[in-house]
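Spelled out from the first residue to the last, the chains are:
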Amino acid sequence: MNYPSKILQALEVVADQEVQKPVHHLRVNNSLLAYYEHKVLAWLVARLPLFVAPDHMTVVGLFGAVFVLGGFVASHLSLWFLCFAFFGLSLNWLGDSLDGTIARYRNIERPDFGYFFDHSCDLISMTLIFVGLGLSPFFTMFSALLALSMYLLFSSYTYLKVLILKIHHLAYHGMGATELRILIMVWVFVAFSLGPQLFEAHFFGLRRFDLTILVMWSVVFVIFVWKVWSDVRHFRPILDK
């Protein structure tokens, strides 16, 4: 994988200096919807009242994840509760996307606490969302936990790169948190359309759906390992200085 020259130049600067305190990391967002999302967020942040702080939006995102969990679980009683789940996903996106945007727009960034608080809440939020999906009629807990493990795997690697390389990749292969939320919404509609028979088919005593998700997980895991190996090859000459 060829990295943009500005990323490699930024790494060389960091490697050549003796860093006394955390360096502002370079944000890289190559998600499919990044351009349009940036436009929407820029419009929103310019119109938010001044009393709305980044931490407020982080908490809003966390509450959105709670709505998702509750809506998915309650959808066993009535499909109307999916409205709460979809509202929660939208609220989670709003809070997660606007907290950092507000800080950068108003020039009130806190590289240490802001990063720590934001991403700690992100981990909690996505755990609630995936567990809620697993408890819904539209997924299985086995597959939901597999998907969550992959999210946490990529998140851990992202945080490692921020710590060591000072690069924060917001998406991999075009898939970021925003695309993931939309994918969850689309999947619910697909599963609802196909009906419960989607999860009832078995193969050698195992659900075919879970086997399919396991195969997909395995493919993504191989891609992840290749990504790590590719990054090691590209960044070792710089970090070994």
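Enquirer: Is there a simple way to think about helix α2 (residues 34–45) in this case?
Expert: Helical geometry note: an α-helix holds 3.6 residues per turn, so side chains three or four residues apart project in the same direction. Here α2 is twelve residues long and its end C-alpha atoms lie 16 Å apart, about the 16 Å a rise of 1.5 Å per residue gives. Here α2 has its buried residues at A34, E37, L41 and V45. Relative to the axis of α2, the buried residues are bounded by an arc of 60° and lie together on one face. Turned more than 90 degrees away from the buried face of α2, the exposed residues are Y35 and Y36. Residues of α2 that are buried make contact with α4 (82–106) and α7 (177–194).

Enquirer: What's the story with unusual backbone geometry in this structure? I'm lost.
Expert: A negative phi angle characterises most non-glycine residues, just as the trans form characterises most peptide bonds. A positive phi angle is found at N107, which is not glycine, with a value near 60°. Structurally, N107 is set in the loop between α4 and α5 (113–135). A positive phi angle, near 55°, is found at H173, a position not held by glycine. Turning to its location among the elements, H173 is positioned in the loop between β3 (171–172) and β4 (175–176).

Enquirer: Teacher, can you tell me more about the nonpolar core here?
Expert: Considering soluble globular proteins, one finds that nonpolar side chains tend to be buried as a cluster. Within the largest apolar cluster, 24 residues are counted, with the highest numbers of intra-cluster contacts made by F72, I129 and V188. Once residues within four sequence positions are removed from consideration, F72 is found in contact with L82, A85, I129, G132, L133, L135, S136, P137, I184 and V188. Core analysis: the second largest hydrophobic core is formed by seven residues, L41, V45, M57 and L98 among them.

Conventions adopted
- Residues numbered from 1 in each chain as written.
- Predicted model: local features only at pLDDT ≥ 70, side-chain atom pairs only at ≥ 80, totals over all residues.
- Heavy atoms only, no water.
- Helix = DSSP H or I, 4+ residues; strand = E, 2+ residues; numbered from the N terminus.
- Expected span 1.5 Å × (residues − 1).
- Buried < 20%, exposed > 50% of the residue type's maximum accessible area, 1.4 Å probe, protein only.
- Arc of directions from axis to C-beta.
- Contact = heavy atoms within 4.5 Å.
- Core = buried A, V, L, I, M, F, W, Y, C linked by side-chain atoms within 4.5 Å.

Honestly, that's just the spatial picture; any functional story needs more than this.
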